[in-house]
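Residue-level structure breakdown
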Amino acid sequence: MRIAVLIISLCLVAILGLQSCAVMVGSNLTSDQATSQAGAAGLVMAFSFVLGGAFAMGLPRLSAAIFLVAGLSGFAMASASIFRDLQIWAGLSCVLSVMALIGAREIKGTSNRA
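Keep in mind that this is a model prediction, so the values were computed, not measured. Residue numbers restart at each chain and count upward from 1, following the sequence in its written direction. Given that the model is predicted, a residue must reach a pLDDT of at least 70 before its local features are reported, and side-chain atom pairs must reach 80 or more before they are shown or counted; all residues, however, enter totals for whole chains, interfaces and linings. Working from all heavy atoms in the structure, the side-chain values ignore hydrogens and water.

Right, let's talk about the nonpolar core for a bit. Counting 19 residues, the largest nonpolar core has Val5, Met45, Phe49, Leu86 and Leu96 as its most contacted members. Here phenylalanine 49 is in contact with Ser9, Leu12, Val13, Phe67, Trp89, Ser93 and Leu96, once residues within four sequence places are set aside. Put simply, buried Ala, Val, Leu, Ile, Met, Phe, Trp, Tyr and Cys residues joined by side-chain atoms within 4.5 Å make one nonpolar core. Each residue is assigned to one of three classes by its accessible area relative to the maximum for its type, calculated with a 1.4 Å probe on protein chains only: buried under 20%, partly exposed between the two thresholds, exposed over 50%. Any pair of residues with heavy atoms lying within 4.5 Å of one another is described as a contacting pair.

Our focus in this paragraph is the environment of glycine 53. Positionally, glycine 53 belongs in helix α2 (residues 33–55). Linking glycine 53 and leucine 6, residues 47 residues apart in sequence, is a C-alpha distance of 4.5 Å. Non-local contacts of glycine 53, meaning those with residues more than four positions away in its chain, are made with Leu6, Ser9 and Phe67. Helix and strand assignments come from DSSP, with helices taken as H or I runs of at least 4 residues and strands as E runs of at least 2, each series counted from the N terminus.

Right, let's get into the packing of α2 against helix α3 (residues 60–79). Between α2 and α3, the least distance of the axes is 8 Å, while the angle of their chain directions is 170°. Of the possible angle classes, the one that applies to α2 and α3 is roughly antiparallel. Note on packing geometry: the crossing formed by α2 with α3 is left-handed. Counting all contacts with α2, which are made through Gln37, Ala38, Ala41, Met45, Ser48, Phe49, Leu51, Gly52, Gly53 and Phe55, the residues of α3 involved are Pro60, Leu62, Ser63, Ile66, Phe67, Ala70, Gly74 and Met77. In this classification, the charged set is Asp, Glu, Lys and Arg, the nonpolar set is Ala, Val, Leu, Ile, Met, Phe, Trp, Tyr, Cys and Pro, and all remaining amino acids, among them Gly, are polar. Taken together, the residues of the contact of α2 with α3 sort by class into 12 nonpolar, six polar and no charged. Helix axes are fitted to C-alpha atoms over the stretch in contact, other axes to C-alpha atoms as well, and angles between N-to-C directions run from 0 to 180 degrees. Should an angle lie under 35 degrees it is considered roughly parallel, over 145 roughly antiparallel, and from 65 to 115 roughly perpendicular; all remaining angles are considered oblique. Here a crossing is taken to be left-handed if its near helix is turned anticlockwise relative to the far helix by less than a right angle, and right-handed if that turn runs clockwise.

Attention now goes to the side chain of threonine 35. Here threonine 35 is to be found in helix α2. On the accessibility criterion, threonine 35 (10% relative accessible area) is buried. Pairs of N or O atoms within 3.5 Å make up the polar contacts considered here, provided that, within protein, one atom can donate a hydrogen while the other can accept it, and that residues adjacent in sequence are counted only when both atoms are side-chain atoms. A distance of 2.5 Å separates polar atoms of two side chains, one belonging to threonine 35 and the other to aspartate 32. The contacts of threonine 35, once residues within four sequence positions are left out, are Val23, Ser27 and Ile82.

Attention now moves to unusual backbone geometry. The residue serine 31 is not glycine, and still its phi comes out positive at about 60°. Mapped onto the elements of the fold, serine 31 is located in the loop between α1 (2–29) and α2.

Our focus in this paragraph is a nonpolar patch on the surface. Each patch is built from salt-bridge-free residues with over 30% relative accessible area, joining like charges within 9 Å and nonpolar side chains (Val, Leu, Ile, Met, Phe, Trp, Tyr) within 5 Å. In short, Shrake-Rupley with a 1.4 Å probe defines the accessible areas, and a residue's cover is counted only from the protein chains shown. We define a salt bridge as a side-chain nitrogen of Lys or Arg found within 4 Å of a carboxyl oxygen belonging to Asp or Glu. Judged by side-chain polarity, Leu10, Phe47, Val50, Leu51, Phe55, Leu59 and Leu62 come together as a nonpolar surface patch covering roughly 580 Å² of accessible area. Of the residues forming the nonpolar patch, the biggest block, four residues, is contributed by α2. Positionally, phenylalanine 55 belongs in helix α2.

Structure (structure tokens):
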């Protein structure tokens, strides 16, 4: 499960990063400050996806915490802006958090068998 979290998060970070950059650039062209801030929040979420994926193998509980914080902040920013896709990314972040916790239980189960 930890490998799945790593691969999925790294694939999603590319899509999230590109979409957030496009939202930021588009909102800067139209001088829409609120949407530009939401695009910046999307970039922070993308960085959180990188961090969560990086810790998924060795420290899956930390990875789960990072994904959970990114998800909660994504829900908060999505409710305050017009960039509603952040809700989708926040939901995916919460799903990755649960997957990382399952991965942490796999490590615990493997150490008990040895």
